[in-house]
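Chain residues, written in single-letter form:
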There are 8 protein chains.
Amino acid sequence: MQAKVSIIMGSTSDLPIMESAAKHLNELQIPFELNALSAHRTPKQVEDFATKAYERGIRVIIAGAGGAAHLPGVIAAFTSIPVIGVPIKASISIDGWDSILSILQMPPGIPVATVGLNAAKNAAILSTQMLSIGDEEIKEKVDNFKKSLEEKIVKANEQLSQIKFEYKV
Amino acid sequence: MQAKVSIIMGSTSDLPIMESAAKHLNELQIPFELNALSAHRTPKQVEDFATKAYERGIRVIIAGAGGAAHLPGVIAAFTSIPVIGVPIKASISIDGWDSILSILQMPPGIPVATVGLNAAKNAAILSTQMLSIGDEEIKEKVDNFKKSLEEKIVKANEQLSQIKFEYKV
Amino acid sequence: MQAKVSIIMGSTSDLPIMESAAKHLNELQIPFELNALSAHRTPKQVEDFATKAYERGIRVIIAGAGGAAHLPGVIAAFTSIPVIGVPIKASISIDGWDSILSILQMPPGIPVATVGLNAAKNAAILSTQMLSIGDEEIKEKVDNFKKSLEEKIVKANEQLSQIKFEYKV
Amino acid sequence: MQAKVSIIMGSTSDLPIMESAAKHLNELQIPFELNALSAHRTPKQVEDFATKAYERGIRVIIAGAGGAAHLPGVIAAFTSIPVIGVPIKASISIDGWDSILSILQMPPGIPVATVGLNAAKNAAILSTQMLSIGDEEIKEKVDNFKKSLEEKIVKANEQLSQIKFEYKV
Amino acid sequence: MQAKVSIIMGSTSDLPIMESAAKHLNELQIPFELNALSAHRTPKQVEDFATKAYERGIRVIIAGAGGAAHLPGVIAAFTSIPVIGVPIKASISIDGWDSILSILQMPPGIPVATVGLNAAKNAAILSTQMLSIGDEEIKEKVDNFKKSLEEKIVKANEQLSQIKFEYKV
Amino acid sequence: MQAKVSIIMGSTSDLPIMESAAKHLNELQIPFELNALSAHRTPKQVEDFATKAYERGIRVIIAGAGGAAHLPGVIAAFTSIPVIGVPIKASISIDGWDSILSILQMPPGIPVATVGLNAAKNAAILSTQMLSIGDEEIKEKVDNFKKSLEEKIVKANEQLSQIKFEYKV
Amino acid sequence: MQAKVSIIMGSTSDLPIMESAAKHLNELQIPFELNALSAHRTPKQVEDFATKAYERGIRVIIAGAGGAAHLPGVIAAFTSIPVIGVPIKASISIDGWDSILSILQMPPGIPVATVGLNAAKNAAILSTQMLSIGDEEIKEKVDNFKKSLEEKIVKANEQLSQIKFEYKV
Amino acid sequence: MQAKVSIIMGSTSDLPIMESAAKHLNELQIPFELNALSAHRTPKQVEDFATKAYERGIRVIIAGAGGAAHLPGVIAAFTSIPVIGVPIKASISIDGWDSILSILQMPPGIPVATVGLNAAKNAAILSTQMLSIGDEEIKEKVDNFKKSLEEKIVKANEQLSQIKFEYKV
């Protein structure tokens, strides 16, 4: 089984956030891999990873980082595989603003598909939407997942219906 | 009894905030309803709700949401009933700024009456002020409530008068 | 003819923004008045205005202000008529943040229905939505206005259809 | 020729920003379409567009919007086609912060691939990277474009080499 | 003994912050008073307080408030006694930004002497500096307090000198 | 004639802002002086100025600065004369936020009375309010100035009364 | 042994942050000293320290401060030794923004080498990089430390390899 | 003559800002070089430059960049030469916040010495302060430059002395 999605994090302290991406891919039965790579501490490994990812079968890269979060952008510099960036509210981060801005505001030519703060699960969903472009089987999984989202709201309404107020109709 | 105010939330995780709106309406004996609807997970139900609310007797809608808080604006797109938006500092929210800006900054033509962060009670008070425009009975309730606000400050001063400092006059 | 909506501004330098509220009410043929009142320079007139507005027939107040924008909140302190606040990006304002926050973040008990930065027209639209709660004639005007909004987009698409690219389908 | 990418904007005032996306797709010879749709003024057309886009052959949607920028998120609510959001610093926008946050901070389940402020060209590049996942021909175009990016810097260095200072080596 | 400084707060929930102002005035033996007044809940009492404060002997007013913090500015509207504003990071406040901006950014003609977030003690110190302009006795107290500030740093250095590192000189 | 107020600026590029302080003091006939002193370029002169200001008759200091605006705080470190800080939106400043925060957020013990961004005139008004504590003649000038503020609003209302709309009452 | 680096803090409450600078210098066996000096409470000692530091053998100064953090800039005003500023998220600080901006935004002529929020260890590393310019022995220590940084990532990857998912490759 | 300082920019559009660094080094007769390198468009050249800079005689690197400004941090990843980062308010930048945060907030182990927004001249001054650690000749130049800074203020005071007001002393 060949990994199609590569989940990269700058530090294992980001694992509690990034593992929700892994869980979603696992649930949808999309083969993936997990790696720790630092744009600043292991810059050569980042280059090595990014330049060889396509030939290894990787089609989407999910990269999470916090603070001056260069990892997604630096990977995007070395490959034309789409890179999804997950800004992480790390302990060094200023409420997440640094993480968001240093991933989102990439210069012309090198986009990073940025998702919300700590939104690793959304990154995984987005990766499956990308993969579904050329893969009917994944497309079906993605559509089924989308249908399942309504249920949460249906349950929420049941919960609300049990709340009692005199003037609640 | 027909509900005049509809309180909508995007998720039951918003209930601890939004229930203070329900409590205030209950206290003032204004018939209301509570619903969970998601602009993103149940978009068709949102449309259905918004287009039929007026004929069901709803005259004001209070919608609370957090993060990229589209719910109040999307409801306002489908109805000309006034919509009061409550920005919620949800767990995914960046200190509430995302919730505030995505409710407040609506485009020309589709206003949302925005109240402060987590200010669901103020949303309820505002809804009764709106209802009182054409309803003398509600107007009286609103005026009585307003008069009661002074008491909190009167009590506060009693508390302050009991604090002892040598040079306090 | 008795004014139903009162448009208040803290300074005539706010007129270029606030007149779009007047224009919309004029277009919908809703009787209104225009006043300059300053929460800080004429505090007693503000009190006088606010406490007598209801008996003069005013049912909605639109108040615009910039910087430490206290005017909408101070008016709301003296009346239970709904107050719509328009934060203005005045010359003294810090990109509008001060105007927004000092109108939006009202304490419990005294809501101000806040619209977007400089969004005086939206304030007028919202005032007509409020008035329509107890007035079928205004309700019809509001609904007609809402229907007219689509046209702008229809025209926009005509404009887009005239743009030529070789690979545009 | 069937459009694969759909470029949507909330208003033609966004065209000066969004046309750089069209230009890039044209340059790379990727069939695309241009539409104006408003999440708030034409909500039913948005639903209609989004639910039928896949069967019309659309594989990536690029949606630009400013202020309380709901368009990308509302489209994403109705389809599992990947949606790329372009936050636009519109005239009503507060330095772009509202546009960014109301696109980026989508709730769990409904991601929008957000690019930088006004970065419509980067959105187009990202759309081609996504399309290249299942399309060798597009993959080659994307790789060639990436190689061309270096040249700008090479020219920049030539320009710098002509600047004369006595102590410049 | 006649109070010279009046400490005002919008709510007793602000007392834990504002009492450090009272403590400092007590320590320096400056007669003061403590009051709760709300710009929004008791607007007439605020006017009454402010217009009569000078004749009662008050020479400086310290007013603390959070959120849309109008209290200092509204008091300043009614009197020419200098008003010191203390922005409070209240529970409804957005990290204190709303409190700061709605006190600091007063319009031309009505200044409020703003101190740092929650800085009630600094407000008290500033009030004594103002009183010392025409009062030699208070001037001496203020100067003595200023001299005492150095001691904290001297003690801090003693503490640092006891920390042992091999390479600490 | 002995100066009572000293207006200090960090650079003559701040003069266009700070001269409105000078103009107001001139208008109220309060003797003042103007100086350029830099906390960073002439730190010893700042110390010299601050330590000798009281014996020269200075009773209030107004200090304006932009960017990392240390001047007001550094002066306040050397004297117990009240220091009013004017944050200036200088060319190096980030929309004025740096200027505001580095003046406002002084540590315990050393307050600076901060006014709004670029609000040099308000600083001058505040300085006269402080001087009026022990000076009946200045008190009268301050009260007269305060009374004159209403006129601006009276004129504004005349201007508004001339605007014609069919539905303006 | 003569100290080459001087670590200064404005208050011992900053010690828990600043001691990580001391620990790093200790580990690399660079002689250093620790001092508490306040730009506002002990301004003359700051001048005395800064003007004499060079002749005492100090070659780099690390200064940490929070709130209106003037200490690094004030030291830089008195010496041409490079000053590294550490913005500290102190209890009085507004999420660290005040600390960052009042250190970073120094006026032309007086730079402070600013590091990230609370990044005292990075300040120590930077100080050793500066010292290594003219010192081969320190250069070797710095290079060795840099090589050691990769190991953390290597260990992180080992940890990730032990996480089990069915679809993890 | 061998360059000691290398000035790097991500794009020649940054030249109007970065040339003030070159001018200052030229004025102080410090040999330097100017290069354009992009962390994202020419990542391999950045690596090549950074790993060989020391052996070519470079002792300080000044790197300017805007938006998601990764250049200074990526260079710092490959070398232990001190790197001074200049955040640039580029056209794509959000008022400079993105540039500042993505340079300043580097992770532990890889500091960048950040200067103020657009403060390229301060970066050059800081570079000479660093070089002066092991070089008496440069130390003298740096000290002379520092002495010259006072003159600007002396001239400013002459200008202020010529301003005439009746009550200016």
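Source: prediction; values computed, not measured. (Residues numbered from 1 in each chain as written. Chains lettered and ligands numbered in written order. Predicted model: local features only at pLDDT ≥ 70, side-chain atom pairs only at ≥ 80, totals over all residues. Heavy atoms only, no water.)

Participant: Could you clarify how one ought to interpret the overall build of chain A in this entry?
Facilitator: What chain A contains, in helices and strands, is six helices and five strands. Counting from the amino terminus, chain A carries its helices and strands in the arrangement β-α-β-α-β-α-β-α-β-α-α. Dimensions of chain A, computed from C-alpha atoms along their principal axes, come out at roughly 65 × 40 × 30 Å. Considering chain A as a whole, with its 169 residues, one finds that 67% of them fall into the buried category. Restricting the contact set of chain A to residue pairs at least 6 apart, pairs at least 24 apart contribute 66%. When the accessible surface of chain A is summed, it comes to about 5600 Å², and 47% of that surface belongs to carbon and sulfur atoms. For chain A, the distance from the average site of its 17 positive side-chain charges to the average site of its 18 negative ones is 2 Å. (Helix = DSSP H or I, 4+ residues; strand = E, 2+ residues; numbered from the N terminus. Buried < 20%, exposed > 50% of the residue type's maximum accessible area, 1.4 Å probe, protein only. Contact = heavy atoms within 4.5 Å. Areas by Shrake-Rupley, 256 points an atom, 1.4 Å probe, with all protein chains shown as cover. Lys, Arg positive; Asp, Glu negative; His and termini not counted. Charge placed at Lys NZ, Arg CZ, Asp CG, Glu CD.)

Participant: How do you make sense of the interface of chain C and chain F when you look at a structure like this?
Facilitator: Reports of interface size often rely on the accessible area that becomes lost once the parts have come together. Counting residues at the interface gives 27 residues for chain C and 18 residues for chain F. Overall, the association of chain C and chain F removes approximately 2100 Å² of surface from exposure, summing both partners, and the carbon and sulfur fraction of that is 68%. Applying the counting criterion to the chain C and chain F interface returns zero salt bridges. For the side of chain C that touches chain F, the secondary structure elements donating two or more residues are α1 (15-27) and β2 (32-36) of chain C. Considered class by class, the residues forming the side of chain C that touches chain F number 13 nonpolar, nine polar and five charged. (Buried area = accessible area lost by both parts, 1.4 Å probe. Salt bridge = Lys/Arg side-chain N within 4 Å of Asp/Glu carboxyl O. Nonpolar A, V, L, I, M, F, W, Y, C, P; charged D, E, K, R; others polar.)

Participant: Teacher, can you tell me more about the interface of chain A and chain D here?
Facilitator: Contacts between the two partners involve 42 residues from chain A, matched on the other side by 42 residues from chain D. Counting each side, the surface lost to burial between chain A and chain D is near 3400 Å², with a carbon and sulfur contribution of 62%. Sorting the residues of chain A by area buried against chain D places S80, P111 and I133 of chain A first, and these three jointly supply 19% of that buried surface. Taken together, the connections running from chain A to chain D amount to zero salt bridges. Counting residues per element, the ones that place at least two in the side of chain A that touches chain D are α3 (71-78), α4 (97-104), β5 (113-114), α5 (120-131) and α6 (136-161) of chain A. Among the elements that take part in the side of chain A that touches chain D, α6 of chain A stands out by supplying seven residues, more than any other.

Participant: Whenever I open this one, the relation of the copies chain A and chain D confuses me. Can you help?
Facilitator: The relation between the two copies of this chain is a rotation about an axis and a shift parallel to it. Rotating chain A by 180° about the axis while translating it 0.0 Å along that axis superimposes it on chain D, leaving an RMSD of 0.0 Å. The relationship between the two copies is best expressed as a two-fold rotation axis. (Least-squares fit on C-alpha atoms with pLDDT ≥ 70 in both.)

Participant: I'm lost on the packing of helix α2 (residues 43-52) of chain D against helix α3 (residues 71-78) of chain D in this one. Help?
Facilitator: Residues and elements named next belong to chain D. At a closest axis distance of 8 Å, the pairing of α2 and α3 adopts a crossing angle of 50°. The angle between α2 and α3 places the two elements in the oblique class. Here the hand of the crossing between α2 and α3 comes out right-handed. Contact with α2, carried on its side by V46, E47, F49, A50 and T51, involves L71, V74, I75 and F78 of α3 and no other residues of that element. (Axes fitted to C-alpha atoms, helices over the stretch in contact; angles between N-to-C directions. Parallel < 35°, antiparallel > 145°, perpendicular 65-115°, else oblique. Left-handed = near helix turned anticlockwise from the far one by under 90°.)

Participant: Just to check I follow, could you spell out unusual backbone geometry for this structure?
Facilitator: Across the chain, the bulk of peptide bonds are trans and the bulk of non-glycine residues have phi less than zero. All names here are of chain G. Backbone geometry places Q29, a non-glycine residue, at a positive phi of 60°. Structurally, Q29 is set in the loop between α1 (15-27) and β2 (32-36). The partly exposed category is assigned to Q29, whose relative accessible area is 42%. A positive phi is found at D95, a non-glycine position, where the angle reads about 55°. Here D95 shows up in the loop between β4 (83-88) and α4 (97-104). Residue D95 is classed as buried on the basis of its relative accessible area, which comes to 11%.

Participant: Got a minute to help me understand a positive patch on the surface in this structure?
Facilitator: A surface patch of positive charge is lined by K89 of chain A, K89 of chain B, K89 of chain E together with K89 of chain G. Looking at where K89 of chain A falls in the secondary structure, it is placed in the loop between β4 (83-88) and α4. (Patch = residues over 30% accessible without salt bridge, like charges linked within 9 Å, V, L, I, M, F, W, Y side chains within 5 Å.)

Participant: Any chance you could explain the arrangement of the chains here in plain terms?
Facilitator: With no contact formed, the shortest span from any C-alpha in chain A to any C-alpha in chain F equals 16 Å. The least C-alpha distance between chain D and chain F, which are not in contact, is 11 Å.

Participant: When you look at the packing of aromatic side chains in this model, what are you seeing that I'm missing?
Facilitator: Describing an aromatic ring pair means giving the distance of the ring centres and the angle of the ring planes. This structure, assessed with the given rule, holds 12 aromatic pairs over all chains. When the ring of F165 of chain D is compared with that of F32 of chain H, the centres are 5.5 Å apart and the planes differ by 65°; the resulting orientation is edge-to-face. Of this pair, F165 of chain D sits in the segment after α6 (136-161) while F32 of chain H sits in strand β2 (residues 32-36), on two different chains. The two residues F165 of chain D and F32 of chain H agree in class, both being buried. Here the basic side chain of K139 of chain B rests over the ring of Y54 of chain C, its NZ or CZ set 3.8 Å away from the ring centre. (Phe/Tyr/Trp six-rings, centres within 6.5 Å; stacked < 30°, edge-to-face > 60°. Lys NZ or Arg CZ within 6 Å of the ring centre and 35° of its normal.)

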